Amino acid sequence: MTSTLAPEDEAPEERPPEGTEVIAHEGLEARAAIAERRRGFFLGLPAMVYLTLLFVFPFFIVGVYSFATRSATGSTRLSDWNIDSYVKLFDPLVVGIVWRSFWIALLTTVICLVVAYPFAYYIATRSRATRNVLLVFVMIPFWSNFLIRTYAWRFLLGSDGPIAQASEALGLGTIRVLFTPVAVAIGLIYGFLPFMILPLYAAIERMDWRLVEAARDLYADGWTAFRKVTLPLTKSGILAGSLLVFVPSFGAYVTPEILGGAKTVMLGSYVVRQFQQARNWPFGSALSIVIMVIMLAALVARQRGGAKEL
Amino acid sequence: MRFGIRPGSTLERAMAGNAWFVYAFFYAPIITLVIFSFNASSRVGIWGGLSTTWYANIFRNPEVWDALKNSLVVAAVSTVVSTIIGTAAALAIDRYRFRGDRALDGILYLPIIIPDVTMAVMMLLFFARIFAFVDSFGPRLSLGLGTIALSHIAFNISFVAVVVRARLGQLDRSLEEAARDLYAGPWETFRRVTLPLIMPGVLGGALLALTLSLDDVVVTAFVAGPGSTTLPVYVFGLVRRGVSPEINALSTVMLVASIALVAGSLLVQRGPGRTSELAHEITHE
Amino acid sequence: MAESAVQLTGVTKRFGDLVAVDNIDLDISDGEFFSLLGPSGCGKTTTLRMIAGFEYPTSGSIKIHGREVGLEPPDVRPVNTVFQSYALFPHMNVRENVGFGLLMKKVESSEIAKRVERALDMVQLGRRADALPEQLSGGQQQRVALARALVNEPEVLLLDEPLGALDLKLRQAMQIELKELQERVGITFIYVTHDQEEALTMSDRLGVMHDGSLLQVGTPEDIYEHPRSRFVADFIGEINLLDGTVGSDGTVVLKGGYVLPLDHQIGAGAAVNVALRPEQLHLVLADDSDLIPPNASRLVGTVGRRVYFGESYYYEVTSEAGALDVRQENRPGLTLFEPGQRVAVHWDPSAAAMLEE
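Peer 1: Help me understand the sheet that holds strand S5 (residues 67–68) of chain C in this model?
Peer 2: Within a beta sheet, neighbouring strands are joined by backbone hydrogen bonds and run either parallel or antiparallel to one another. Residue and element names in this part refer to chain C. Across the sheet, four strands lie side by side as S2-S1-S4-S5; this open sheet has antiparallel pairing. The sheet terminates laterally at strand S2 (18–29) and S5, the two strands that pair on one side only. Alignment of strand S1 (residues 4–15) against strand S4 (residues 59–64), held across five bridges, turns out to be antiparallel. Looking at S4, one finds that Gln-7 is bridged to Lys-63. This element, helix H1 (residues 44–52), spans S1, S2 and S4 of the sheet and lies at about 115° to S1.

Here's what the structure looks like:
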């Protein structure tokens, strides 16, 4: 509707003479559609160009690098193409790291879901005023600096930290959590729990509770009504939240780096190591490709699930 | 019996308990950190009385100030640019059918689903290749604030676009038709009706971009050159070496800053009533 | 007839394969209150949107006071619209909403203030000028939308189901208010609605649309009493349709052998519908058929159900010619008929309309 094909100002000389039938709109719609398309295209163009340059194009560069050769000095030779980097993926060390990343991310996602669902249910079913206050207190950690929030756990769990000191003072002995997978999982849950809560909240808040009442009226008990009505209707929130937690957990770098130490290396840290310490760019590239493929698989799985729900 | 649960039942009490547990989980670590940042003792876990020594130390540290300055420059530039490009992209996708609209829609989700480590690798190799290519013509390009800002714009565009698009989706199209009907041209319609009405979304997107830019460690660490360290990268470097009272103090400052930023923006957008909307916008996909 | 305000010639609108508006011709006179009536999806709103400029016709001509506007965007057309959802700008107060059009036309600000004030007084909202739309009731929002359109003194005012969102009482009050307003300002109104009662009570003339076609245009009386197609007859008010065929002598023969002498130009042998409004039918017990006026048409049937409507009773009568609904006005001393009774249904021959199949 924003097309301006006709002159903006009234142009009397262009009026058809009185009495003439003007039945000449054939093609006008097409011209309007072309103008619309052009407008949309130019609005979208900057983003299109930018993201193509910095995301699509680099994706192929990463692909190319993954077949390149690492020289003895650590520089990358874009010649002697080979699949060594992909072969190396099957090294038990690498498989172990991928496996560890996977189960830590999965554990994180499951715990977040189990904690966040009743939480989101609870706040979404409060009065409007209460709900908004409760939500603000979820938003604050969501918006706070992630690095700092992770650091807080390093501080708490440290051998010199308040928890260790308190437990020693109380005679409970030392608790060794830092630099274990448990510490990493705690950090990831702490970091990504809001990403699970918010979509669940959004899904539960727009529930039509009359449907639950209808189910109860039709002889479903509370649990059955939840399982047959509430759960399917909030499935989109569960899927969105799980994806938003699993993806960054699986590729996490900051959290395992701060809380995992040398023993709990995860995939993200391992990739960074290839670029910074080991200077094996081809292998780092191959690892990145693996991460992206797994992410895309998760996304497709989610969209399949979402489509079924619709 | 509203909401499928009986008020006062064991189940509801259990959920209330869970809620309190979650809030405690969210806030106890931060609050402890803040308290201990005022700890006079240099042994971080043992309370040794009140002190602001550590704050004085960090504010005297020129590296902190340099990193802060870098962070603010990058955040400001990337927020402004990505808000403009992202809003335009949201308008394009929501309003128009054009060649490549579905491709753009797909590409816009890439930065949201790609983990930051992978993104960092992509940016690094991209700049490495571009520099190798440009350098062959003479100029010497190097990594620095410019490459950091360019990278931040890249991932921020998507987040802005998603938030603005959610807002556009709620906009009643007949309002724009009404403006056209009342003699406003396309530009006047955008300026006086569309833009004011999607402004909360644009501001929300900008705030998200600002936060992401100020939070980013991995991408920045990859594309930063010498002398272009940002505050999160600087702090990350310190944290890797261990816990110290100075980091506690610096962390507290950064936490207070980000909370003030969010609180301010919530006030600007007329109260916490908007947070519920924001939850929908952020998670809208 | 007065000068034509809006003239559509051969207007067609296609959305892909869908023909939303199919080659319609329409001539609306200056100062007329004209309604476009039809079920949802019939093309009435698309027609209105083409006059407003929100859609371009695929082919055909749209003229406003003789000037071709089909090519023009909405902001240069001398028409204004009252939207179904009112489309009041939520970020502007009432005064700014009403003044928006004048501001865009670059009218001087003192003049805008004066005209906005006058427009708001006209719709009795002078005291709510500083309120935001969300602070107003539905009826008030409706009146702001009207003022916002009328303040620009458009050549034609387009109204897209403007009363749809209001409750029944308010809607009836607004119908009268709108009609009076239209008579006072003398602007041509084109009113889109799916509510037949609204169209009948307010319009000078109305057009009935179905599946993109304009089936019939006429005065409310004309349309109600002389529907020219089965769709129009069925859509406007309640109606009984009896199948029949035209006999060789021009009479219409119904099932069961009833012969009706009817005035028509339809050739012998054609299948037709005889349309009868329930309120034009009368009932007597079959045994009392000597009470029927001699020239009346009649048929005999059995009372099925009786339904009480307050101001009337409805009877379902089955006869060999088909089922009939008969309306009996409720008044003191009324004799009621009981289910199972044999009755004669009779009517004045002029009450029957003939519709070709």
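Peer 1: Before we go on, may I ask you to explain the packing of helix H5 (residues 116–135) of chain B against helix H6 (residues 145–170) of chain B in this structure?
Peer 2: The description of two helices packed together rests on the angle between their axes and the distance between the axes. Residue and element names in this part refer to chain B. The interhelical angle for the contact between H5 and H6, taken along N-to-C directions, is 130°, at an axis separation of 11 Å. With respect to their mutual orientation, H5 and H6 come out oblique. Here H5 and H6 pass one another in a crossing that is right-handed. Of the residues in H6, those in contact with Met-119, Met-123, Phe-127 and Phe-131 of H5 are Thr-147, Leu-150, Ser-151, Ala-154 and Phe-155. A class-by-class count of the residues in the contact of H5 with H6 yields seven nonpolar, two polar and no charged.

Peer 1: Is there a simple way to explain the nonpolar core in this structure?
Peer 2: Side chains of nonpolar character tend, in soluble globular proteins, to be buried together. Residues Phe-55, Ile-123, Leu-193 and Val-254 of chain A together with Met-123, Phe-222 and Val-235 of chain B are the most contacted members of the largest nonpolar core, which totals 157 residues. Beyond its immediate sequence surroundings of up to four residues, Met-123 of chain B is in contact with Leu-54 and Phe-55 of chain A together with Ser-151, Ala-154, Val-219 and Val-223 of chain B. In terms of nonpolar packing, the next biggest core, distinct from the first, is built from 50 residues, Phe-34, Cys-42, Ile-64 and Phe-100 of chain C among them.

Peer 1: What's the story with helix H4 (residues 138–150) of chain C in this structure? I'm lost.
Peer 2: Along an α-helix, a turn takes 3.6 residues, which lines up residues three or four apart on a common side. Residue and element names in this part refer to chain C. In this model H4 runs 18 Å from its N-terminal to its C-terminal C-alpha over 13 residues, within 8% of the 18 Å that 1.5 Å per residue would give. Counting buried residues along H4, twelve of its 13 residues qualify, which places the element largely inside the surrounding structure. Within the span of H4, buried status applies to Gly-139, Gln-140, Gln-141, Gln-142, Arg-143, Val-144, Ala-145, Leu-146, Ala-147, Arg-148, Ala-149 and Leu-150.

Peer 1: Whenever I open this one, the interface of chain B and chain A confuses me. Can you help?
Peer 2: Interface size is commonly expressed as the accessible area that is lost once the parts come together. If you look at the interface, chain B gives 104 residues, while chain A gives 100 residues. Note that Glu-257 of chain A and Arg-240 of chain B form a salt bridge whose closest N and O atoms lie 2.8 Å from each other. Here chain B and chain A share twelve residue pairs in polar contact (both at pLDDT 80 or more) between them. Here the side of chain B that touches chain A takes 15 residues from helix H1 (residues 10–36) of chain B, the largest share from any one element.

Peer 1: Explain the pairing of strand S9 (residues 205–210) of chain C to me, please; I cannot follow it from the model alone.
Peer 2: Along a regular strand, successive side chains alternate from one face of the sheet to the other. Residues and elements named next belong to chain C. When you tally the buried positions in S9, you get five out of six residues, the bulk of the element. In the sheet, strand S3 (residues 33–37) pairs with S9 via four bridges, with the strands oriented parallel. Bridge pairing in S9 links Leu-37 to Val-208. Of the pairings in the sheet, the one linking S9 to strand S10 (residues 213–218) comprises five bridges and is antiparallel in character. Bridge pairing in S10 links Leu-206 to Gly-218.

Peer 1: Help me understand the domain arrangement of chain C, please; the structure alone is not making it clear to me.
Peer 2: Residues and elements named next belong to chain C. Assigned domains within chain C: domain 1 (4–234) and domain 2 (238–356). Counting residues at the interface gives nine residues for domain 1, matched by seven residues for domain 2. Three residues, Tyr-224, Arg-230 and Ala-233, lead the burial of domain 1 against domain 2; their summed loss comes to 64% of the area buried on that side. Counting the contacts that link domain 1 with domain 2 gives zero salt bridges. At the junction of domain 1 with domain 2, the criterion picks out three residue pairs in polar contact (both at pLDDT 80 or more). Of all the elements in the fold, those that place two or more residues in the side of domain 1 that touches domain 2 are helix H7 (220–225) and helix H8 (230–235). Residues that form the side of domain 1 that touches domain 2 fall into these classes: four nonpolar, one polar and four charged.

About the criteria used
Residues numbered from 1 in each chain as written. Chains lettered and ligands numbered in written order. Predicted model: local features only at pLDDT ≥ 70, side-chain atom pairs only at ≥ 80, totals over all residues. Heavy atoms only, no water. Pairing = 2+ DSSP bridges. Helix = DSSP H or I, 4+ residues; strand = E, 2+ residues; numbered from the N terminus. Contact = heavy atoms within 4.5 Å. Axes fitted to C-alpha atoms, helices over the stretch in contact; angles between N-to-C directions. Parallel < 35°, antiparallel > 145°, perpendicular 65-115°, else oblique. Left-handed = near helix turned anticlockwise from the far one by under 90°. Nonpolar A, V, L, I, M, F, W, Y, C, P; charged D, E, K, R; others polar. Core = buried A, V, L, I, M, F, W, Y, C linked by side-chain atoms within 4.5 Å. Buried < 20%, exposed > 50% of the residue type's maximum accessible area, 1.4 Å probe, protein only. Expected span 1.5 Å × (residues − 1). Salt bridge = Lys/Arg side-chain N within 4 Å of Asp/Glu carboxyl O. Polar contact = N/O pair within 3.5 Å; in protein donor to acceptor, adjacent residues only side chain to side chain. Domains from an automatic or database assignment. Buried area = accessible area lost by both parts, 1.4 Å probe.

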